[in-house]
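# Geometric and topological summary
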Amino acid sequence: MKNDTWGRVKQQLLESVGRNNYANWIEPLELKTLDNGVAVFSVPTSFMANWVSRNFSDTILLHLKAANESASRVEFKVEPHQAGASAPAPTAKPAVKSAEPAQAVAPSPEPRADELPGAPLDSRFTFDNFVVGKPNELAHAAARRVAEGGPVTFNPLFLYGGVGLGKTHLMHAIAHEIRERDPELRVLYLSAEQFMYRFVQALRDRQMIDFKQIFRSVDVLMVDDVQFIAGKDSTQEEFFHTFNALVDQNKQIIISADRAPGEIVGLEDRIKSRLQCGLVVDLHPTDYELRLGVLQTKAESYRNQYPGLKFADGVLEFLAHRISTNVRVLEGALMRLFAFASLVGREIDLDLTQECLADILKASERKVTVEEIQRKVSEHYAIRLSDMIGPKRVRSIARPRQVAMYLAKHMTTRSLPEIGRRFGGRDHTTVMHGVKRIEELKGTDSQIADDLEMLRRTLEA
Ligand code: ADP
Ligand code: MG
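Residues numbered from 1 in each chain as written. Chains lettered and ligands numbered in written order. Predicted model: local features only at pLDDT ≥ 70, side-chain atom pairs only at ≥ 80, totals over all residues. Heavy atoms only, no water.

Looking at an unreviewed UniProt entry, one finds the protein chain named Chromosomal replication initiator protein DnaA and attributed to Celeribacter halophilus. Under Subunit (unreviewed entry), UniProt gives the following word-for-word description of the protein chain: "Oligomerizes as a right-handed, spiral filament on DNA at oriC." Under Subcellular location (unreviewed entry), UniProt gives the following word-for-word description of the protein chain: "Cytoplasm". (UniProt positions renumbered as here; feature names shortened; annotations may be inferred.)

Shown next as structure tokens:
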């Protein structure tokens, strides 16, 4: 085959793989020979040989055949191109803008793994920096297990849980660990939103072949916040195919979402059931111990940045107690506290903490619900929850009911009619009467006073 035929085939390839791929992967190829149906190309690096062979062989073959060349196989030989040869040296800067699309971008002969269309990894999100506690120990263990590599035992690993509980942190930690252990492995991490964006872009630019090739040639695929593609039908469809193709090749997939697969509304059933095929683990809301552990770890690392700053006893405990389950909020609070303390230059004590974090503390004040109050009060007095709401008027039930009404009035922002509705549709005057009765008893009956105090404390905890 004459090189001008290859020139024409290249033009075809430019259209089919898109300009960037063409510039990076096709343009640097040199056709050496085409004998007995075998097309031999020289490529500058072995990485490139692998990549092109894995991702573009079929397309190249297809176009050779279309050009009436009797080709049945393509081979890539690594031959470092010499200076002055047609392909630019690895260090070449992108050529100045040119009318020729083929030359617009210089080939990058050694793309690193992070040049996959993924999102950058946060270098702080490592296993070392992840504090393990009861609420996240399973998720952590599963993530560790996947990061170790070896035969794929559960696929996918599905991590779910509320905002700020460490899903993204764990996924990045897995990616860091795998890349460190085996830099050759192609680990692709991205959010479901980015997946959709790439997909739409590929459709628009007619680069679907390319899109499929890239996503199906990774060794580890991680898609964060998959709930995002719920209700987005064609993205789901493509995701499903990508997913299946990788599972068939025994490639590890790691997915996160804000809830369990079965609870994602607008996600196709076949996807739900595929997601459930692997290991599904959830990150529970943090508990006091985990929050304290996170705070202690972070405070330790801040101390290096702000030497000389001290926490008074009890400050971290206070924060762990008062700030909600979201670790991101916890981190933000601590960072603000350190910055503030370094400005005013004094020890961080409880007063300073409360002053500096007033808004955060207020926002994460625990919001008690009427239902919780009813549950706790029923437990406390050992009556049935249904009786609390039901019509019975015997004292042993009516009194606890009044206690619950009183607490609902004082611990929630519900109005009297709203509270009445939650007590089996009672009238607001009934609630008012109940609240009054308990207020009176509080002063005269120490048992009631003690009960109220006890219940209030457990509800606030
Ligand atoms: P999610 O993806 O579940 O919304 P992230 O992984 O983004 O949450 O976590 C929010 C922040 O909290 C991050 O800065 C992360 O490093 C931190 N974080 C969450 N869980 C932990 C943990 N167990 N130990 C240390 N930091 C954590
Ligand atoms: Mg996240």
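That covers the picture; the talk isn't over yet.
The subject of this paragraph is the pairing of strand β6 (residues 220-224). For a regular strand, side chains alternate in direction, first toward one face of the sheet and then toward the other. Counting buried residues along β6, five of its five residues qualify, which places the element largely inside the surrounding structure. Of the two faces of β6, the one holding Val220, Met222 and Asp224 and the one holding Leu221 and Val223 are both buried throughout. Taken together, the five bridges between strand β5 (residues 187-191) and β6 define a ladder with parallel strand orientation. For serine 191, the partnering residue across the bridge sits in β6 and is aspartate 224. Pairing geometry for β6 and strand β7 (residues 252-257), over four bridges, is parallel. Paired with methionine 222 across the two strands is isoleucine 254, which belongs to β7. (Buried < 20%, exposed > 50% of the residue type's maximum accessible area, 1.4 Å probe, protein only. Helix = DSSP H or I, 4+ residues; strand = E, 2+ residues; numbered from the N terminus. Pairing = 2+ DSSP bridges.)

The next subject is the nonpolar core. In this structure, Trp6, Leu29, Phe41, Ile60, Phe76, Val226 and Phe239 are the most contacted members of the largest nonpolar core, which totals 57 residues. The biggest single contributor to this core is helix α3 (residues 46-66), with eight residues. When we break this core down by domain, the ones giving at least three residues each are domain 1 (3-96) and domain 2 (137-282). Apart from residues lying up to four places away in sequence, leucine 29 is in contact with Trp6, Lys10, Phe41, Ser42, Val43, Val52, Ile60 and Phe76. Counting 29 residues, the second-largest nonpolar core is a separate cluster that includes Val315, Phe338, Ile348 and Leu361. (Core = buried A, V, L, I, M, F, W, Y, C linked by side-chain atoms within 4.5 Å. Domains from an automatic or database assignment. Contact = heavy atoms within 4.5 Å.)

Glancing now at the UniProt feature "domain: AAA+ ATPase" (unreviewed entry) in the protein chain. Under the UniProt annotation, "domain: AAA+ ATPase" (unreviewed entry) lies at residues 153-283. Helix makes up 46% of residues 153-283 and strand makes up 20%, while its end C-alpha atoms are separated by 21 Å.

This part covers the site of ligand 1. Among the 18 residues in the neighbourhood of ligand 1, the closest are listed as Gly164, Lys167, Thr168, His169 and Glu331. One nitrogen or oxygen atom from the main chain of glycine 166 is found 3.1 Å from an oxygen atom belonging to ligand 1. Within the side chain of histidine 169, a nitrogen or oxygen atom sits 2.6 Å from an oxygen atom of ligand 1. Breaking the shell around ligand 1 down by element, the ones donating at least two residues are α6 (167-181), α11 (288-305) and α13 (327-344). (Near = heavy atom within 4 Å. Polar contact = N/O pair within 3.5 Å; in protein donor to acceptor, adjacent residues only side chain to side chain.)

Let us now look at the side chain of serine 42. The topology assignment puts serine 42 in strand β2 (residues 38-43). We classify serine 42 as buried; its relative accessible area is 1%. Separated by 3.5 Å, the side chains of serine 42 and glutamate 79 make a polar contact.

As a further point, take the pattern of salt bridges. Using the criterion set out here, one finds 18 salt bridges in the structure. Note that lysine 10 and glutamate 27 form a salt bridge whose closest N and O atoms lie 3.9 Å from each other. Placement of lysine 10 in helix α1 (residues 3-17) and of glutamate 27 in the loop between α2 (19-26) and β1 (30-35) is noted, with a sequence separation of 17 residues between them. Looking at glutamate 27, the relative accessible area reads 26%, which means it is partly exposed. One salt-bridge network, held together by shared partners, links Lys212, Arg216 and Glu238. (Salt bridge = Lys/Arg side-chain N within 4 Å of Asp/Glu carboxyl O.)

Another aspect to go through is unusual backbone geometry. The omega torsion of the bond from asparagine 155 to proline 156 falls at 0°, within 30 degrees of zero and hence cis. Examined against the element boundaries, proline 156 turns out to sit in the loop between α5 (137-147) and β4 (157-161). Of note, the phi angle at asparagine 36 is positive, near 50°, even though the residue is not glycine. With respect to the element layout, asparagine 36 can be found in the loop between β1 and β2. A relative accessible area of 79% places asparagine 36 in the exposed class. For asparagine 250, which is not glycine, the phi dihedral falls at a positive 65°. For asparagine 250, the location among the structural elements is in the loop between α9 (233-248) and β7.

Further remarks concern α13. Between the first and last C-alpha of α13 there are 26 Å, a value that for 18 residues agrees with the 26 Å anticipated at 1.5 Å per step. Among the residues of α13, Val327, Leu330, Ala333, Leu334, Leu337, Phe338 and Ala341 are the ones counted as buried. The arc enclosing the buried residues of α13, seen along the axis, measures out at 130°, which places them on a common side. Of the residues in α13, the exposed ones pointing more than 90 degrees away from the buried face are Arg328 and Leu343. Residues of α13 that are buried in the fold lie against α11, α12 (315-322), α14 (350-356) and α15 (358-363). Two or three places before arginine 328, at the start of α13, stands the capping residue asparagine 326, its side-chain oxygen 2.7 Å from that residue's backbone nitrogen. Within two residues after α13, glycine 345 carries a phi angle of roughly 65°, on the positive side. (Expected span 1.5 Å × (residues − 1). Arc of directions from axis to C-beta.)

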